[in-house]
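# Coordinate inspection notes
The chain contents come next:
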Amino acid sequence: MTADAARKTELTLASAGGFTAPQKAALILAALGPEAAKPVIERVGEKHLQAFAEAYAHMKNIPRRDLLAVASEFIGHLGADEGALKGGFDEARDLISQVKSAEDTTRLLDEVNAPGGRTVWQKLERADPKAFAAWLNGQHPQTVAVVMTRLDSDLASTVLGFIDPDLAKKVVVRLAKPMPVRREALKVLEESVERDFLAPIRAAAKASKPGQMIGAMLNNLSEEKRAAMLEFIAAESPEVLNDVKAFILTFKDIPERVPANAIAKVVREVEVDVFLKAAKYGKQNAPEAVEFIFKNISQRMGQQYEEQMGEMKPFTLAEAEAAQAQIMTALRRLVAAGEFELNKIDTGEVDEEVYV
């Protein structure tokens, strides 16, 4: 190689080295143009596209020399003799750690079900058994039974010990007569555990305020236990009580927090028998919430529900609370999916609004 060529190569590499990996990827996609880049973009995950978009949005005018440097580096990697790529969980960790902080790398990989990574069931090994049992109390007995078969026997035993006794009996009956579970159904269950239990727990753990974390945890407790905990907090740590209350979202809070035009969507998200139990019990523990719900669904549907509630067989308090918990889980799922936003609440602090 001539001295002039070597100098040009050195300049090219130095110029390319001034960009982060997401910036280089964004430049390559931009240089390809919409038509050529479309097949690539269609195969790139949403998180990566967001990283590319963020990187590109923060760049100004890119000199042609820099663009050619990035393209030259890219082509050089493809043409190198040792250019074969090795995949794997460790390799993914090394790659992501080059462009993300250690905390972000751990968080991203914590959500990856890959060889060497942790599955949903392995992640549950680090979860609080009491908190998981509280979440399971709002699920169908067959669902809980399937979950138990996926857990380590020691963990399953511990969790079962914290589950409501009536529910635990139904679960044991189903465990005694196991049924085959389709792969598709198991996948849906894994996604539900990840989205509705693990994700909120992770979010609570990252909360900047102790009250936010505590409030998120109290959402999963029964009304009686939640009231006892609030009484304890008021006596022992009154300085965080208002924050805790601000981050609690229960069936009683529906009139204050849920937009009227979202009620029908929430009702459709749960099974009819679940809604009927929640509403019938709600007439005792949350009459304003039930009135608000019936006011914002069709009159015909409301009359039909009233008739069905009148014909219902007796059910236990645990079943009633579990039904209301299922409605709140469905509600949070819709909020997380962007279907609607909760109404803002005042935390008592100036210029600060909180969402659950």
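In short, a report on the structure. Computed from a predicted structure; not experimentally measured.

## Let's talk about the side chain of Thr250
Within the element layout of this structure, Thr250 appears in the loop between α15 (241–246) and α16 (254–257). Residues within four places of Thr250 in sequence aside, it is in contact with Asn219, Arg226 and Met328.

## Re helix α18 (residues 272–285)
For α18, with 14 residues, the first-to-last C-alpha span of 20 Å sits near the 20 Å given by 1.5 Å per residue. Looking at α18, one finds that the buried residues are Val274, Phe275, Leu276, Ala278, Ala279, Tyr281, Gly282 and Asn285. Each element contacted by the buried residues of α18 is listed here: α14 (223–236), α17 (263–268), α19 (287–295), α20 (299–310) and α21 (317–336).

## Topic: the packing of aromatic side chains
All told, the structure shown has six aromatic pairs when counted by the stated rule. Summarising the aromatic geometry, the rings of Phe132 and Trp135 are spaced 6.0 Å apart at their centres and angled 10 degrees between planes, so their arrangement reads as stacked. On the criterion of helical spacing, the pair formed by Phe132 and Trp135 is a turn pair, its members being three residues apart in helix α8 (residues 129–136). On the basis of relative accessibility, which here comes to 2%, the residue Phe132 falls in the buried class. Considering the side-chain rings of Phe275 and Phe294, the 6.1 Å spacing of their centres and the 35 degrees angle between planes classify their relative orientation as tilted. Of this pair, Phe275 sits in helix α18 while Phe294 sits in helix α19, and the two are 19 residues apart along the sequence.

## Considerations on α21
The end-to-end C-alpha distance of α21, which contains 20 residues, comes to 29 Å, matching closely the 28 Å that a straight helix rising 1.5 Å per residue would cover. What α21 keeps buried is the set Ala320, Ala322, Ala323, Gln324, Ile327, Met328, Thr329, Ala330, Leu331 and Leu334.

## As for the side chain of Glu190
Relative to the elements of secondary structure, Glu190 occurs in helix α12 (residues 183–205). It turns out Glu190 is buried and unbridged, and the closest side chain with the opposite charge, Lys187, is 4.5 Å from it.

Reading guide: rules and limits
- Residues numbered from 1 in each chain as written.
- Predicted model: local features only at pLDDT ≥ 70, side-chain atom pairs only at ≥ 80, totals over all residues.
- Heavy atoms only, no water.
- Helix = DSSP H or I, 4+ residues; strand = E, 2+ residues; numbered from the N terminus.
- Contact = heavy atoms within 4.5 Å.
- Expected span 1.5 Å × (residues − 1).
- Buried < 20%, exposed > 50% of the residue type's maximum accessible area, 1.4 Å probe, protein only.
- Phe/Tyr/Trp six-rings, centres within 6.5 Å; stacked < 30°, edge-to-face > 60°.
- Lys, Arg positive; Asp, Glu negative; His and termini not counted.
- Salt bridge = Lys/Arg side-chain N within 4 Å of Asp/Glu carboxyl O.

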